Amino acid sequence: MTPHLATEAASMSPLALFLQADWVVKTVMVGLLLASVWTWAIIIGHGGKLKSIARRSAKFEKDFWAAEDIDNYYTANRNSDLPAAKVLGAGVTEWRRSTSGKKIDREGTRERLTTMMAATIAAEIDRLSDRLNILATIGSVGPFVGLFGTVWGIMRSFTSIAAQQNTSLGVVAPGIAEALFATALGLFAAIPSVIAYNRLSHGINKLEAKLHRFADGFHATLSRELEAD
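Residues numbered from 1 in each chain as written. Predicted model: local features only at pLDDT ≥ 70, side-chain atom pairs only at ≥ 80, totals over all residues. Heavy atoms only, no water.

Give a detailed account of a positive patch on the surface, specifying residues and quantitative values.
A contiguous patch of positive charge on the surface is contributed by R199, K206, K210 and R213. Position of R213 relative to the elements: it lies in helix 8 (residues 169-228). (Patch = residues over 30% accessible without salt bridge, like charges linked within 9 Å, V, L, I, M, F, W, Y side chains within 5 Å. Areas by Shrake-Rupley, 256 points an atom, 1.4 Å probe, with all protein chains shown as cover. Salt bridge = Lys/Arg side-chain N within 4 Å of Asp/Glu carboxyl O. Lys, Arg positive; Asp, Glu negative; His and termini not counted. Charge placed at Lys NZ, Arg CZ, Asp CG, Glu CD. Helix = DSSP H or I, 4+ residues; strand = E, 2+ residues; numbered from the N terminus.)

As structure tokens, this is what we get:
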């Protein structure tokens, strides 16, 4: 590579493009890089958390259905942070309240059990979905932020052409390269965000379905207890 070509290649490196950019494009690039770092932090942290919850929840439900005494199992696991344990706690608490009197309203008890466990599931899913809105926002806004940097860089290129009365590649290339680099950063932040949002949403939807099945099974067990009384 000749010295001239080596110099051009160096000036088109990502670091050089950033340093050559004006403050508007630099702000766009820094914002997109921070968004990308934030995205990967959520992907790694939240993804690992969901896998752990899914694995522990499967064991929790398996042990629950194998348990001989629901009250003893609930007492042993009442401090668990698992969503399934929270659903179990809501069901057991409502069961004790509804059956503590001398006269038991069977239909009312069934309805309250359904309501309390469904509300607990909704609260747990909302808690687990808390960070997904960030991924959705970055995934939808990132490309447009990058596009803004692109438009600004191209505007600078046309300004350079007008100022120097010169349309050579050496005049327009830096501005266009900065513009395209801003676009690339926008996509670099947005693409993982969209993929992660879809995957994590799918995982949360699966967990929600499992919680509803667990609640339905527990509700059926308690309903049989009501009929036996």
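Summarise the environment of F214; cite the residues concerned and give the values.
Turning to its location among the elements, F214 is positioned in helix 8. Owing to a relative accessible area of 2%, F214 belongs among the buried residues under this scheme. Remark: the alpha-carbon pair of F214 and F64, spanning 150 residues in sequence, is separated by 10.0 Å. Dropping the residues within four chain positions of it, F214 is found in contact with F60, E61, F64, W65, A84, V87 and L88. (Buried < 20%, exposed > 50% of the residue type's maximum accessible area, 1.4 Å probe, protein only. Contact = heavy atoms within 4.5 Å.)

Account for the packing of helix 5 (residues 83-98) against helix 6 (residues 106-128), naming residues and giving values.
The packing of two helices is summarised by the inter-axis angle and the distance between the axes. Put simply, helix 5 and helix 6 touch, their axes get as near as 9 Å, and they point 155° apart. Our classification of the angle between helix 5 and helix 6 gives roughly antiparallel. Crossing geometry of helix 5 relative to helix 6 is assigned as right-handed. Of helix 6, the residues touching helix 5 (which contributes P83, K86, V87, A90, G91, E94, W95 and S98) are T109, R112, L113, M116, M117, T120, I121, E124, R127 and L128. Per-class residue counts for the contact of helix 5 with helix 6 are nine nonpolar, four polar and five charged. (Axes fitted to C-alpha atoms, helices over the stretch in contact; angles between N-to-C directions. Parallel < 35°, antiparallel > 145°, perpendicular 65-115°, else oblique. Left-handed = near helix turned anticlockwise from the far one by under 90°. Nonpolar A, V, L, I, M, F, W, Y, C, P; charged D, E, K, R; others polar.)

I'd like a rundown of the pattern of salt bridges, residues and numbers included.
Overall, the coordinates contain seven salt bridges when judged by the stated rule. As a salt-bridge pair, D71 and R96 come within 3.5 Å of each other at their nearest N and O atoms. With D71 in helix 4 (residues 70-77) and R96 in helix 5, the pair connects residues that are 25 residues apart, well separated along the chain. With relative accessibility at 38%, the residue D71 sits in the partly exposed group. We classify R96 as partly exposed; its relative accessible area is 39%. Close ionic contact of R112 with E94 constitutes a salt bridge, the shortest N to O distance being 3.2 Å. Within this pair, whereas R112 is found in helix 6, its partner E94 is found in helix 5, the two being separated by 18 residues in sequence. Through salt bridges with shared partners, a single ionic network connects K86, E124 and R127.

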